[in-house]
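Each chain is listed here by its residues.
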Amino acid sequence: MILFSKLFHDLDELTKTNARLDRLEEYFQTASPEESIWVVWFLSGNRIKRAVKTSELRMFVAERSGLPIWLVEECHDQVGDLAETISLLIENRENERSYTLCDIIETFLLPLKGMETSDRKVLMNKAWDELENSNLLPFHKLLTGGFRMGVSKGNLCKALARVGQVEPAVIAQRLAGNWTPENLSLRQILDPVEGETGFCKPYPFCLAYPLLEKPENLGLSSDWQVEWKWDGIRAQLLTLRGKGMIWSRGDESIGESFPDLLECVKALPEDLCMDGEILAWGTEGLRPFSRLQRRIGRKEPGSSMIKREPVKFQAYDLLRLDGVDWRTRPLSERRECLEKIFANLPSGFPLGMSPLIKKGSWSELEKLRMESRKRGVEGFMLKQKNSPYESGRVKGFWYKWKIDPFLADMVVVSAQLGHGKRSNMYTDYSLAVWNEKKELVTVAKAYSGLTDKEIAEFDRFVRKNITGRFGPVRSIRPEMVFEIAFEGVQNSGRHKAGVALRFPRINRWRRDKKPQDADTLMQIREIADAQDKPEDGGPKMDQSGNLLLF
Amino acid sequence: MNDLELLEFRPEGLYCKEGDFYIDPRGSVKNALITHAHSDHARPGHQNYLCSEACKPLLKVRLGDGVRVEGMEFGQSCKIGNSRVSFHPAGHVLGSAQIRIESKGLVWVVSGDYKPQNDQTCESFELVKCNGFISECTFGLPVYRWLPEDLIHKQINEWWAENAELGNASIIFAYSLGKAQRVLAGLDSSIGNIFVHSAVDSFFEHYKKAGVRLPSTQIIGSNSDQTYAGSLIVAPPAVEESNWMKRFRGAKRGFASGWMAIRGSRRRRNLDKGFVLSDHADWKGLIDVIEGTEAEKVRLTHGNGHALSKFLQDKGLDAATLRGAEMRGEGED
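Residue indices follow the written sequence of each chain, beginning from 1 at its first position. The order in which chains are written sets their letters, starting at A; the order in which ligands are written sets their numbers, starting at 1. Residue-level local features of this predicted model are given only where pLDDT is at least 70; pairs of side-chain atoms are given and counted only at 80 or more, and the full residue set underlies all totals for whole chains, interfaces and linings. Calculated side-chain values reflect all of the structure's heavy atoms, with hydrogen atoms and water omitted.

### Side note on the overall build of chain A
Next, step 1: Counting from the N terminus, the helices are the DSSP runs of H or I reaching at least four residues and the strands are the DSSP runs of E reaching at least two. What chain A contains, in helices and strands, is 20 helices and 22 strands.
Next, step 2: Taken over C-alpha atoms, the radius of gyration is set against a globule rule of 2.2 Å times the number of residues to the power 0.38. Taken over the C-alpha trace, chain A has a radius of gyration of 26 Å; the compact-globule value for 550 residues is 24 Å, and the two agree within 12%.
Next, step 3: Taken along its principal axes, the extent of the C-alpha atoms in chain A is 70 × 65 × 50 Å.
Next, step 4: The burial tally for chain A puts 53% of its 550 residues in the buried class.
Next, step 5: Contacts: residue pairs with any heavy atoms within 4.5 Å of one another. In chain A, the proportion of contacts linking residues at least 24 apart, taken out of those at least 6 apart, comes to 69%.
Next, step 6: Approximately 25,500 Å² of chain A is accessible, and the part contributed by carbon and sulfur atoms is 50%.
Next, step 7: Averaging the locations of the 83 positively and 79 negatively charged side chains of chain A gives two centres separated by 4 Å. Note on exposure labels: buried denotes an accessible area under 20% of the residue type's maximum, exposed denotes more than 50%, and partly exposed covers the range between, all computed with a 1.4 Å probe on protein chains only. Calculation of accessible area relied on Shrake-Rupley with a 1.4 Å probe; when residues are assessed, cover is drawn exclusively from the protein chains displayed. Only four residue types enter the tally: Lys and Arg on the positive side, Asp and Glu on the negative side; His and the chain ends are excluded. Working definition for charges: the position is that of NZ of Lys, CZ of Arg, CG of Asp or CD of Glu.

Structure follows, in structure tokens:
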């Protein structure tokens, strides 16, 4: 545990990304492979599921420290992080048996799963008796899971790549998808020879930067491949030996939810990987994202659901063909090959190719972009024709040129403490607009958009204006107005206000506005109604579902 | 009957009618009793000030020489109107006092800021029995639990030595009155040179006169040839993001405060190191003192007293947060 504990505290204190990267590399050089693979697993965002419930943990801590449960909860609210809260409440001990990380996992963490509450309590207390103070926080982090210690997945791959002298992209692919330290070893991750293990795994997705400057600064428009920016689920579709897999950007295998798309595998070449977007797509054409939501998360949907809510895979890139990695080839070449594949595709499959927009100048494109909202897309994607398929967000190759968001002025009605870097500051806000009865109704929650200075100032305002407490939520005097940006509105029966906003975030703090100047629920509903209505029958398309408008 | 019996809460602050004086008031009043010389307690603008004798010179540094101020020795009592008043060490910073007020057969104590923990740079906290106790509660949650100060001093010296070995300067942000001196008192001057910001220096001579042992220091900027590699610098947090910091490019930055107990407070400021060193009582300190006073009524101020008052109520005490007293975030510590 000492090695890992030291790593944890160092990463927690180091303020520079490169220093953290060095420290992580040093750890992998010294720690055993058996221990390292667990650290890789945890840093990939995994956790030991159902080891212990939050409520149980709070109860055990309360009993041990002689505090009432509500006070433990109050502490949790204040600190913002459960693992840290518990570590601060457990009495210090200095009599640790020397455990390695693997010991800790085998002795304490894995056995917790499936235990009766009373046995769990005994085991947790044993851990608290035997662990030294500085090891408590790392231990509790392992227990509650879902931590990064300031290391992104990309940097984790970089550190491992340095240790094994393997390309970070290869490491990233090997770490993709679902795996456990039981079925993947550090040796396999660092293997210099590309084995067969990764075939049905996705490649790390290439991500786009928002275009913040004028498109003219990107040079000639003819150097760029322009596509609509689709509003669906980003996914990679893979085939191998007659079987298919679909991976989402969250490294989740989502094929089970889309058996209709897996059917397409029959029509596709062998050992292929395409990047694209899953869209809700009926006979009338593209449908809004809200229709797709009915399919998301529903595993093995019935045939009536598939009929009612049909989907389509809109391909836009080719990453692998006949077992050959195409990612380093230029985009223009990949696109050409993708077009050939689609030319030979039999009809009747829910597959499409993201059409290219062949308008001459940036200014013509600018004009066309204004139609985005009417077409149900989010703007343009700009991809440099010579670019390789990068792992992650790399500047200069892919840009999203999005339409301007909707804006509305809303009143902050309650606040909650944030997490991680923002723990013990009120940074999560509920926002409300006026309904017909002149009451404020909450329509959104927003976490981001203020500067650090504004956050600190707003935190002080919250603390002086609390009017009620509901668990971790503090209602506050409705005096402050934020301008909220969002991408769309859906009518929603689950929300009290009857609408749900997509990607709400704070655009700016409207100090010049009074609460009575905030927008109304009616205005928000109008946006939702406009969006839910299909535009006169939807766009026209060919037999395989490609839009004909462009 | 007035809830606070001998006291009442007015817009200017706590007021004692029997003696016609305020405690740590804001605005402009005739008679102000001051618990200690921190700026959120000792404000300018009043006609007459009364504080502990040890606090007097510090108050003059804060408010200027022209201010009308008298000092009382700790434990000495005097009559003000129909009340009897005395000052008792609060252990917060040098000269900090709890104020005891006796009238109509009742005793109330206003704690100001206090800590029962050991601190070599100020008078030790004195427990005063009373009927009513107005207590601060800056760190009123059980997650706040202080380690003995010599352990923290050890952490600071180790960090400094580690940085010095790599040729880096170390800066510790600490409030210029109290915390800065407390940090300095524990430094091992064999590691390197010690520098202070001029705001920290202004209280020095009074600490020395009071018999507090501090290492020898140089003021930043007094000599243009100063180099800082391997040295330790103590500066007030207010300069953290100012141009003044430019001369220390590459220096490691630490902060000494009770708030550093929570990682978020450290990470938000992008500090290299947080030292959990507080001049306020921790949770256990608050409970021990409150119970020790044997007060029947406890009123909490300066902090989020919600949890502590509920905890005390559950124990059967008449406890509440002081009505009108503002809640504080990460205030001075």
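### Let's talk about the packing of helix α3 (residues 33-43) of chain A against helix α7 (residues 101-112) of chain A
Residues and elements named next belong to chain A.
Next, step 1: Axis definition: a line fit to C-alpha positions, over the contact stretch in the case of helices; interaxial angles, taken between N-to-C directions, run 0 to 180 degrees. The N-to-C vectors of α3 and α7 enclose an angle of 60°; their axes lie 8 Å apart at closest approach. The angle between α3 and α7 places the two elements in the oblique class. Contact residues: α3 offers Glu34, Glu35, Trp38, Val39 and Phe42, while α7 offers Leu101, Cys102, Ile105 and Leu110.
Next, step 2: Three categories are distinguished: nonpolar for Ala, Val, Leu, Ile, Met, Phe, Trp, Tyr, Cys and Pro, charged for Asp, Glu, Lys and Arg, and polar for the others, with Gly belonging to the last. Classifying every residue of the contact of α3 with α7 gives seven nonpolar, no polar and two charged. Every angle not falling under 35 degrees, over 145, or within 65 to 115 is termed oblique; those three ranges are roughly parallel, roughly antiparallel and roughly perpendicular.

### Let's talk about helix α9 (residues 133-144) of chain A
Residues and elements named next belong to chain A.
Next, step 1: Multiply 1.5 Å by the residue count of a helix minus one, and that product is the helix's expected span. Over its twelve residues, α9 runs 17 Å from end to end, which matches the ideal 16 Å to within 8%, given 1.5 Å per residue.
Next, step 2: Of all twelve residues in α9, ten are buried, a share of seventy percent or more.
Next, step 3: Three or more residues of α9 are buried, namely Asn135, Leu136, Leu137, Pro138, Phe139, His140, Lys141, Leu142, Leu143 and Thr144.
Next, step 4: A positive phi of about 70° marks Gly145, the residue just after α9.

### Comments concerning the domain arrangement of chain B
Residues and elements named next belong to chain B.
Next, step 1: Here chain B is described as being made up of domain 1 (8-143 + 279-321) and domain 2 (149-275).
Next, step 2: Computed over C-alpha atoms only, the centres of domain 1 and domain 2 are separated by 29 Å.
Next, step 3: Counting residues at the interface gives 17 residues for domain 1 and 17 residues for domain 2.
Next, step 4: Defined here as a combined quantity, buried area equals the accessible surface (1.4 Å probe) lost by two parts on assembly, summed across both. Both sides together, the interface formed by domain 1 and domain 2 hides about 1,500 Å², and carbon and sulfur atoms give 66% of it.
Next, step 5: Any Lys or Arg side-chain nitrogen located within 4 Å of an Asp or Glu carboxyl oxygen qualifies as a salt bridge. Counting across the domain 1 and domain 2 interface gives two salt bridges.
Next, step 6: Here a polar contact is recorded for every N or O atom pair within 3.5 Å, except that within protein the pair must consist of a potential hydrogen donor and a potential acceptor, and residues adjacent in sequence are included only if both atoms are side-chain atoms. Where domain 1 packs against domain 2, one counts four residue pairs in polar contact (both at pLDDT 80 or more).
Next, step 7: Taken together, the residues that form the side of domain 1 that touches domain 2 break down as eight nonpolar, five polar and four charged. For every domain, the bounds stem from an assignment made automatically or drawn from a database.

### What to know about the side chain of Ser309 of chain B
Next, step 1: Its place among the elements puts Ser309 of chain B in helix α8 (residues 306-314).
Next, step 2: Beyond its immediate stretch of four places on either side in the chain, Ser309 of chain B contacts Leu300, Ala319, Ala320 and Thr321 of chain B.

### Examining the environment of Asn82 of chain B
Next, step 1: With respect to the secondary-structure elements, Asn82 of chain B resides in the loop between β7 (77-80) and β8 (83-89).
Next, step 2: Those residues in contact with Asn82 of chain B that lie beyond four places of it in its chain are Glu18, Glu102 and Ser103 of chain B.

### Description of the interface of chain B and chain A
Next, step 1: With 30 residues of chain B in contact, the opposing surface of chain A contributes 32 residues.
Next, step 2: When the two sides are added together, the surface that chain B and chain A hide from each other amounts to roughly 2,800 Å², 52% of it contributed by carbon and sulfur.
Next, step 3: Per-residue buried area on chain B facing chain A is highest for Arg145, Arg263 and Arg268 of chain B; these three make up 24% of the total on that side.
Next, step 4: Where chain B packs against chain A, one counts five salt bridges.
Next, step 5: Note that Glu84 of chain A and Arg263 of chain B form a salt bridge whose closest N and O atoms lie 3.2 Å from each other.
Next, step 6: Viewed at the interface, chain A and chain B are joined by eight residue pairs in polar contact (both at pLDDT 80 or more).
Next, step 7: Looking at the side of chain B that touches chain A, the elements with two or more residues in it are α6 (263-268) and α8 of chain B.
Next, step 8: In terms of residue count, the dominant contributor to the side of chain B that touches chain A is α6 of chain B (six residues).

### Description of the packing of aromatic side chains
Next, step 1: A pair of Phe, Tyr and Trp rings is counted when the ring centres sit within 6.5 Å of each other, with Trp represented by its six-membered ring. The angle between the planes then sorts it: under 30 degrees is stacked, over 60 is edge-to-face, the rest tilted. Scanning the entire structure with this criterion turns up 33 aromatic pairs over all chains.
Next, step 2: Ring centres of Phe173 of chain B and Phe255 of chain B lie 6.4 Å apart, and the angle between their planes is 50°; on these two criteria the pair is classed as tilted. Of this pair, Phe173 of chain B sits in strand β12 (residues 170-173) while Phe255 of chain B sits in strand β16 (residues 252-256), placing them 82 residues apart in sequence.
Next, step 3: Of the residues examined, Phe173 of chain B reaches a relative accessible area of 0% and is grouped as buried.
Next, step 4: Directly above the ring of Tyr15 of chain B sits Arg10 of chain B, whose terminal nitrogen or CZ lies 3.7 Å from the centroid.
Next, step 5: We call a charge positioned above a ring when the Lys NZ or Arg CZ atom is no farther than 6 Å from the ring centre and deviates by at most 35 degrees from the ring normal. Here Lys310 of chain B stacks its cationic end above the ring of Trp70 of chain A, 4.1 Å away from the centre of that ring.

### Structural notes on helix α11 (residues 168-175) of chain A
Because each turn of an α-helix spans 3.6 residues, side chains separated by three or four positions end up pointing in the same direction.
Residue and element names in this part refer to chain A.
Next, step 1: A large share of α11 lies buried, amounting to seven of its eight residues.
Next, step 2: For α11, the set of buried residues is Ala169, Val170, Ile171, Ala172, Gln173, Arg174 and Leu175.
Next, step 3: If you follow the buried residues of α11, they end up packed against α3, α10 (153-164) and α12 (186-190).
Next, step 4: Of the residues flanking the end of α11, it is Gly177, one or two places downstream, whose phi is positive at about 75°.

### What to know about the sheet that holds strand β2 (residues 13-16) of chain B
Residues and elements named next belong to chain B.
Next, step 1: One bridge is not enough; two strands pair if DSSP finds at least two bridges between them. Sheet architecture is open: six strands sit in the order β1-β2-β3-β4-β5-β6, paired in mixed fashion. Here the strands that pair on one side only, and so sit at the sheet edges, are β1 (8-10) and β6 (69-72). Strand-to-strand twist of the sheet, defined as the mean angle between neighbouring strand axes without regard to direction, takes the value 30°.
Next, step 2: Bridge count for strand β3 (residues 21-23) against strand β4 (residues 31-33) is two bridges, and the pairing is parallel. Bridging across to β4, Tyr22 finds its partner in Ala32.

### What about the domain arrangement of chain A?
When the parts come together, some accessible area is lost, and that loss is often what is quoted as the size of the interface.
All names here are of chain A.
Next, step 1: By domain assignment, chain A separates into domain 1 (2-144), domain 2 (206-402) and domain 3 (406-531).
Next, step 2: Using C-alpha coordinates to define each centre, domain 2 is positioned 33 Å away from domain 3.
Next, step 3: Contact with domain 2, which involves seven residues of that partner, is made by five residues of domain 3.
Next, step 4: Across the domain 2/domain 3 interface, buried area totals approximately 540 Å², and carbon plus sulfur atoms make up 38% of it.
Next, step 5: Summed over the shared surface of domain 2 and domain 3, the result is one salt bridge.
Next, step 6: Salt-bridge contacts for Asp231 lead to Arg502; the nearest nitrogen and oxygen are separated by 2.6 Å.
Next, step 7: The element contributing the most residues to the side of domain 2 that touches domain 3 is helix α14 (residues 289-293), with three residues.
Next, step 8: Looking at the side of domain 2 that touches domain 3, its residues break down into two nonpolar, two polar and three charged.

### Observations regarding the pattern of salt bridges
Next, step 1: A full pass over the atoms with the stated rule returns 61 salt bridges over all chains.
Next, step 2: Each of Asp12 and Glu84 of chain A together with Arg263, Arg266 and Arg267 of chain B takes part in salt bridges that share partners, so that together they form one network.

### Some words on the nonpolar core
Next, step 1: Judged by nonpolar contacts, the single largest core of 103 residues is most densely connected at Leu160 and Leu175 of chain A.
Next, step 2: Not counting chain neighbours up to four residues away, the residues in contact with Leu160 of chain A comprise Phe28, Val40, Ile171, Leu175, Leu186, Ile189 and Leu190 of chain A.
Next, step 3: Each nonpolar core is a collection of buried residues, namely Ala, Val, Leu, Ile, Met, Phe, Trp, Tyr and Cys, held together in the definition by side-chain atoms within 4.5 Å. Membership of the second largest hydrophobic core comes to 42 residues, among which are Ile34, Leu59, Val212 and Leu214 of chain B.

### Re a positive patch on the surface
Residues and elements named next belong to chain A.
Next, step 1: Note that patches include only residues with greater than 30% relative accessible area and no salt bridge, and the join distances are 9 Å for like charges and 5 Å for nonpolar side chains (Val, Leu, Ile, Met, Phe, Trp, Tyr). Residues Arg47, Lys49, Arg50 and Lys113 make up a contiguous surface patch of positive charge.
Next, step 2: Position of Arg47 among the secondary structure elements: in the loop between α3 and α4 (54-65).
Next, step 3: Relative accessible area serves as the criterion here: at 38%, Arg47 is assigned to the partly exposed category.

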